[in-house]
Amino acid sequence: MLKPFASETYRPLTQAEKNALDANRNRSCGRDWDNVFVSAEAFDPSLVCDNEFAGAVYIGRLYPRKIKHHDLELAAGIYHSYIEDCVLGDSVCVRNAAYLKNYRIGSRVMLFNVQEMSCTKHAKFGNGILKEGEDESLRVWVGAGNENEGRAVLPFEGMLPADAWLWSRHRDNKPLLERLVAFTEQGNDGKRDTFGTVGDGAVVKNTLLVKDAKIGAKAYIKGALKLKNVTVCSSEAEPSQVGEGVVLVNGIMGYGSKVFYQAAAVRFVIGRNCQLKYGARLLNSVLGDNSTVSCCELLNNLIYPFHEQHHNTSFLIAATVMGQSNIAAGATVGSNHNSRSNDGEIVARRGFWTGLCASFKHNSSFASFTLAAKGAYRHELNISYPFSLISPADDGQGLVVIPAYWFMYNMFAVVRNRDKFAKRDRRAVKVQHIETDPLAPDTVQEILAALIRLIELTAQKTGQTLGDAKEYLHRNSDADLTLDDPLCQRKGGAMVLKAAQGYQAYRKATVYFAVKTLLEYSRAETVALTEQYQAASAAVEERRAECAAAPHANSMRPQQCADSPLANIPRRGLLQAAVLRRAESRDAPPLAEQTPAPVQPPLSPVFFEEVSRLPLYTDWENAGGQVLPSEKTCELVAGVVSGAIRSWDEVHAFYDQCQAEYPRYKARYALFLLEQLYSCPSAEFTPETFAGIRDDVRDISDYIYESALRSREKDFDDPFRAITYRNEAEMEAVLGTLSGSEFLQRLERDTRAFKQALDAAFSGLV
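Residues numbered from 1 in each chain as written. Predicted model: local features only at pLDDT ≥ 70, side-chain atom pairs only at ≥ 80, totals over all residues. Heavy atoms only, no water.

A few words on the packing of helix H5 (residues 411-424) against helix H14 (residues 687-717). For the pair H5 and H14, the least separation of the axes is 7 Å and the interaxial angle reads 115°. Comparing the axis directions of H5 and H14 gives the class roughly perpendicular. Residues Met411, Phe412 and Val415 of H5 form the contact with H14, whose own contacting residues are Tyr703, Ile704, Ser707, Ala708, Ser711 and Arg712. Split by residue class, the contact of H5 with H14 holds 6 nonpolar, 2 polar and 1 charged. (Axes fitted to C-alpha atoms, helices over the stretch in contact; angles between N-to-C directions. Helix = DSSP H or I, 4+ residues; strand = E, 2+ residues; numbered from the N terminus. Parallel < 35°, antiparallel > 145°, perpendicular 65-115°, else oblique. Contact = heavy atoms within 4.5 Å. Nonpolar A, V, L, I, M, F, W, Y, C, P; charged D, E, K, R; others polar.)

Let us look at the pairing of strand S40 (residues 620-623). Regular strands place their side chains on alternate faces of the sheet. Relative to strand S41 (residues 626-629), S40 runs antiparallel, the two being bridged by 4 bridges. The partner of Trp620 across the bridge, within S41, is Pro629. (Pairing = 2+ DSSP bridges.)

Applying the stated rule across the entire model yields 31 aromatic pairs. Ring geometry for Phe360 versus Phe366: centroids 5.3 Å apart, planes at 80°, classification edge-to-face. An aromatic cluster is present here, built from Tyr521, Phe607, Phe608, Phe685, Phe690 and Phe762 joined pairwise through their rings. Between the NZ or CZ atom of Arg95 and the centre of the ring of Tyr79, over which it lies, the distance is 4.3 Å. (Phe/Tyr/Trp six-rings, centres within 6.5 Å; stacked < 30°, edge-to-face > 60°. Lys NZ or Arg CZ within 6 Å of the ring centre and 35° of its normal.)

Bringing the confidence of the model for the chain into the picture now. Averaged over every residue, the pLDDT of the chain is 90; the share at 70 or more is 93%. Predicted confidence for residues 578-598 stays below pLDDT 50, and this span has 28 contacts to residues more than four positions away or in other chains. (pLDDT = per-residue confidence, 0-100.)

All right, on to the side chain of Lys277 then. Tracing the backbone shows Lys277 in strand S22 (residues 275-277). No salt bridge is formed by the buried Lys277; its nearest oppositely charged neighbour, Glu308, is found at 7.8 Å. (Buried < 20%, exposed > 50% of the residue type's maximum accessible area, 1.4 Å probe, protein only. Lys, Arg positive; Asp, Glu negative; His and termini not counted. Salt bridge = Lys/Arg side-chain N within 4 Å of Asp/Glu carboxyl O.)

A separate point is the nonpolar core. Residues Ile59, Tyr103, Ile215, Leu248, Phe360, Phe407 and Phe762 are the most contacted members of the largest nonpolar core, which totals 176 residues. No other element matches helix H8 (residues 499-549), which puts 14 residues into this core. Of all hydrophobic cores here, the second largest spans 33 residues; its members include Trp167, Leu628, Val640 and Phe654. (Core = buried A, V, L, I, M, F, W, Y, C linked by side-chain atoms within 4.5 Å.)

Turning our eyes to something else, we now look at the pattern of salt bridges. In the structure shown here, the tally under the stated rule is 36 salt bridges. Across the pair Arg61 and Asp90 runs a salt bridge whose closest N-O atoms are separated by 2.5 Å. Placement of the pair is Arg61 in the loop between strand S5 (52-59) and strand S6 (66-69) and Asp90 in the loop between strand S9 (82-88) and strand S10 (93-97), with a sequence separation of 29 residues.

Our focus in this paragraph is the side chain of Glu185. Note that Glu185 resides in helix H3 (residues 174-185). Here the side chain of Glu185 touches Asn188 through a polar contact of 2.7 Å, side chain to side chain. In contact with Glu185, not counting residues within four places along its chain, are Gly128, Ile129, Leu130 and Arg139. (Polar contact = N/O pair within 3.5 Å; in protein donor to acceptor, adjacent residues only side chain to side chain.)

Take the pairing of S9 next. Within S9, 6 of the 7 residues are buried, which leaves the element mostly enclosed by the surrounding structure. Here S5 pairs with S9 via 6 bridges, running parallel. From the neighbouring strand, Ile59 faces S9, where its bridge partner is Leu88. Where S9 meets strand S11 (residues 100-101), 2 bridges bridge the pair, whose relative direction is parallel. Considered in S11, the bridge of Ile83 is made with Leu100.

For an α-helix the count is 3.6 residues per turn, leaving residues at separations of three or four pointing the same way. In this model, helix H16 (residues 742-762) (21 residues) spans 30 Å end to end at C-alpha, consistent with the 30 Å of a helix rising 1.5 Å per residue. Looking at H16, one finds that the buried residues are Phe743, Leu744, Arg746, Leu747, Thr751, Phe754, Lys755, Ala757, Leu758, Ala761 and Phe762. (Expected span 1.5 Å × (residues − 1).)

Before going further, it helps to examine unusual backbone geometry. A cis geometry characterises the amide bond from His362 onward to Asn363, with omega recorded as -15°. Mapped onto the secondary structure, Asn363 falls in the loop between strand S32 (359-361) and strand S33 (364-366). Even without being a glycine, Asp32 presents a positive backbone phi close to 55°. Counting through the fold element by element, Asp32 comes out in the loop between strand S2 (27-28) and strand S3 (36-39). We classify Asp32 as partly exposed; its relative accessible area is 47%.

Have a look at this one:
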């Protein structure tokens with residue numbers, strides 16, 4: 001039932017106000033205006049002109065003032081409108097609202113030139129719920145990931161890509177699916193007494209139809225054609241916008257997102273800080289945070305954050321694309337079904353980039369950071385080599401794969417991606433956790449699998465044992481080795497070029513990731529422990545003061561008063577233990593006054609021992625952009641099924657808990673990788689082993705910078721780049737110079753700082 005604002009006190013109209021409303025050509029269906037109530041604090045009837053009021057209408061404080069949004073400035077008041085069963089907040093401007101029914105309008109809202117704005121008593125606002133007496137067939141599902149809707153999910157306000165992943169990828173677990181439906185229904189009493197809402201400071205102007213809509217604060221809706229059964233999430237920190245010619249039906253639009261210029265979305269969930277524009281069509285899909293889509297068609301997809309698809313004539317059908325992706329102009333991803341029904345699908349892990357006019361068949365799967373060259377891929381693909389380049393062979397039937405292509409020829413893009421996506425994340429509230437580093441546990445596990453595959457194929461080709469094939473690849477980095485992998489394509493397999501060079505690049509990337517992760521973890525742990533020691537040190541000083549003031553202070557040992565606040569702090573590593581010993585010393589100054597720890601603490605055998613005791617996870621999943629151990633996914637599913645996890649909020653709390661532990665999970669995995677790569681448990685690492693790791697990583701760090709520099713250098717040294725310029729000075733004025741690249745300058749500084757940290761970290765081990 002529509003209720004007035006609890007914070008407002010309302011009263012009936014006075015006779016003088018009724019006379020003024022009559023004089024201003026207002027009409028009421030009630031008897032002697034008994035259906036209209038106004039604020040007890042302020043109501044100016046001169047601001048209400050030429051309206052018809054039906055049902056119960058409540059009007060908040062109304063006094064002369066201006067309401068402004070951008071260049072639109074209007075006087076507060078109600079003019080030339082039909083209003084039925086509505087609550088209007090303070091200082092609203094309702095002008096030319098031809099049919100406004102069953103809405104609660106917030107304060108300082110502008111409704112200007114709105115043809116119809118109504119809400120039924122059974123509205124769901126885009127959520128996949130049912131009202132009393134409704135048949136299950138009326139429930140709105142979003143068929144993400146497959147056109148046959150076998151992976152369909154229920155949309156709900158607050159849905160994350162991780163939720164859609166959980167729901168769409170565990171279809172064999174019926175108890176889980178039933179629980180997720182129940183989670184979505186929580187808070188829905190089923191009663192047919194709903195009303196639409198418009199949040200404070202929102203603007204709706206020049207719009208034809210708004211029906212069964214929940215519109216958040218500060219939303220800006222202009223020139224829309226149709227909004228029906230939708231929630232537009234918006235806030236002062238993350239205002240959303242719906243623009244000209246837009247159609248939104250049956251879905252949820254996330255905070256800070258923009259949909260404009262004839263775009264259409266039907267049965268959808270749009271994440272935070274997304275843009276859908278220039279005639280784009282989003283149908284039966286979940287679009288992750290920070291994505292930009294225009295001029296294209298997306299049908300039955302689950303798309304993770306940071307997806308880019310903004311060129312004409314491309315389409316993406318029945319796919320799960322795991323973000324940080326880019327679909328080029330003319331690309332047809334999922335253009336052909338290879339079964340008797342429209343039930344094929346594609347899975348592309350993060351970093352999927354297609355060339356112009358590339359086309360792919362269902363069913364296909366792509367490893368992380370697969371770069372697909374222009375061409376028609378005639379058969380189903382199963383690309384298991386991350387950071388690879390794939391291309392149709394010259395005969396049009398075969399396939400060519402260059403593993404680790406990004407590391408060998410496009411390192412500039414790899415290192416740039418580390419920062420690019422983080423900088424583009426403009427979400428004020430970051431609920432969905434997103435891993436943006438190209439080297440993370442999910443991609444590194446793919447690298448490990450690719451290393452094993454290259455060893456297996458080399459052994460098959462050369463007739464060697466697996467051990468000998470591994471040694472051959474390790475020692476012959478310049479070998480001209482081409483392998484045949486029949487598993488990459490349904491017909492004809494694939495030629496794997498530069499296999500030895502790819503093996504070396506994969507191994508370097510893995511070593512670099514492992515050591516970089518351990519260094520980051522040691523720094524973070526030292527900072528966290530130092531903060532604990534500072535707090536404990538303050539507690540020690542306070543305890544000493546209390547003991548000194550106590551009547552029996554002289555009978556107590558000083559250490560009894562000082563010990564306890566420090567007793568429960570873990571001692572991790574030699575540096576941390578030394579800091580703790582200083583904090584425990586009675587003669588030491590308070591920890592806040594002591595010399596701060598170095599930026600990069602030296603590693604020690606104790607540190608490696610501590611890390612080795614952390615839980616080890618070697619199988620990882622990308623959950624909507626967040627990297628999770630697969631065992632944690634199983635734990636989540638079990639918790640939902642058993643009832644230990646009882647709501648979507650608790651599911652999200654589980655994601656948060658995993659993210660808080662992620663640095664520890666990652667550090668343990670990094671140590672595991674070093675043990676695998678150097679064929680020795682970390683407890684048996686010798687000074688020579690540590691020296692070898694340090695030197696390897698120093699060389700790799702130099703290689704990353706030099707390779708990034710070389711890949712960018714091509715853009716300046718290629719003579720064909722200069723053919724459109726009159727002279728070198730003009731080219732420099734347009735493009736700048738290589739030496740002036742801010743990114744490369746920062747990369748050089750970061751490389752130098754990383755090597756200094758590396759030397760400091762290994763100083764006590766070699």
